[in-house]
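For reference, the chains in residue letters:
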Amino acid sequence: MSDRDEAFQAYFAARSDAMRGTAYLLCGDWHRAEDLVQQTFTKIYLAWRRIQRHEVMDSYTRQTLIRTFLSERRRGWFRNESVGAPVTERAAPSVGLADDRLVLLEALAKVPPRQRAVLVLRYWEDQSVEQTAELLDCSAGNVKSQAARGLTTLRGLLEEEKVR
């Protein structure tokens with residue numbers, strides 16, 4: 001095994017779980033999250049020789065993950081693949097923190113992809129406005145407006161959930 005492969009393998013072992021968590025927050029499905037992480041790390045591996053500054057790998061990997069997610073959404077892959085029939089029954093009203101988390105994740109999955117990416121980066125990954133703008137290749141103002149719209153959408157979805 002080459003030094004390149006060993007370095008990549010060590011990075012993958014150290015960071016794949018964290019990236020899988022981020023991917024899950026983006027897509028709301030563990031299987032799709034695993035696919036996103038796999039696609040992301042494949043892209044990272046192919047570029048590994050060209051990457052000069054390995055100290056900024058987390059940022060580069062996160063950016064690749066976000067772009068892979070957004071690109072997948074634009075291509076419509078998620079519309080062509082279906083794991084099973086949609087569940088039509090509603091769960092019992094939530095009563096605890098774990099239930100609240102599930103309700104939040106369910107609502108987050110309904111937020112438009114770009115807004116969801118901003119919410120995940122800003123409030124889950126604790127990235128600054130500038131870091132989020134760099135990761136999404138947009139302006140800081142765009143991040144702020146997407147975050148505001150995303151939070152409004154999320155609040156509306158959570159209010160709907162309370163009414164049910």
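Residues numbered from 1 in each chain as written. Predicted model: local features only at pLDDT ≥ 70, side-chain atom pairs only at ≥ 80, totals over all residues. Heavy atoms only, no water.

## Focus: helix α1 (residues 3–27)
Part 1 of the reasoning: The end-to-end C-alpha distance of α1 is 34 Å, a good match for the 36 Å that 25 residues give at a rise of 1.5 Å each.
Part 2 of the reasoning: At Arg15, α1 is bent by approximately 45°, the largest bend along its length.
Part 3 of the reasoning: Listed as buried for α1 are Arg4, Phe8, Tyr11, Ser16, Met19, Arg20, Thr22, Ala23, Tyr24, Leu25, Leu26 and Cys27.
Part 4 of the reasoning: One or two steps after α1, the chain reaches Gly28, where phi turns positive at roughly 75°. (Helix = DSSP H or I, 4+ residues; strand = E, 2+ residues; numbered from the N terminus. Expected span 1.5 Å × (residues − 1). Bend = angle between axes of the 7 residues up to and from the residue. Buried < 20%, exposed > 50% of the residue type's maximum accessible area, 1.4 Å probe, protein only.)

## Thoughts on the pattern of salt bridges
Part 1 of the reasoning: The final tally for this structure, using the stated rule, is 7 salt bridges.
Part 2 of the reasoning: A salt bridge links Asp17 to Arg20; its shortest N-O distance comes to 2.4 Å. A residue pair is termed a helical-turn pair when its members lie 3 or 4 positions apart in one helix, as Asp17 and Arg20 do in helix α1 at 3 residues.
Part 3 of the reasoning: Since its relative accessible area comes to 53%, Asp17 is described here as exposed.
Part 4 of the reasoning: Looking at Arg20, the relative accessible area reads 18%, which means it is buried.
Part 5 of the reasoning: The closest approach of N and O atoms between Arg62 and Glu125, which form a salt bridge, is 3.0 Å. One end of the pair, Arg62, is in helix α3 (residues 57–75); the other, Glu125, is in the loop between α6 (113–124) and α7 (129–136), and 63 residues separate them in sequence.
Part 6 of the reasoning: Residue classification places Arg62 among the buried positions, given a relative accessible area of 8%.
Part 7 of the reasoning: Of the residues examined, Glu125 reaches a relative accessible area of 17% and is grouped as buried. (Salt bridge = Lys/Arg side-chain N within 4 Å of Asp/Glu carboxyl O.)

## Description of the nonpolar core
Part 1 of the reasoning: Ranked by size, the top nonpolar core spans 38 residues in total, and within it Leu26, Trp48, Ile66 and Leu136 carry the most contacts.
Part 2 of the reasoning: The set of elements that each furnish at least two residues to this core consists of α1, α2 (30–47), α3, α5 (97–108), α6, α7 and α8 (140–163).
Part 3 of the reasoning: Take this core: its biggest share by element is 8 residues, from α1.
Part 4 of the reasoning: Two domains each put at least three residues into this core: domain 1 (1–79) and domain 2 (94–163).
Part 5 of the reasoning: Excluding anything up to four places from it in sequence, Ile66 contacts Leu26, Ala117, Leu121 and Leu136. (Core = buried A, V, L, I, M, F, W, Y, C linked by side-chain atoms within 4.5 Å. Domains from an automatic or database assignment. Contact = heavy atoms within 4.5 Å.)

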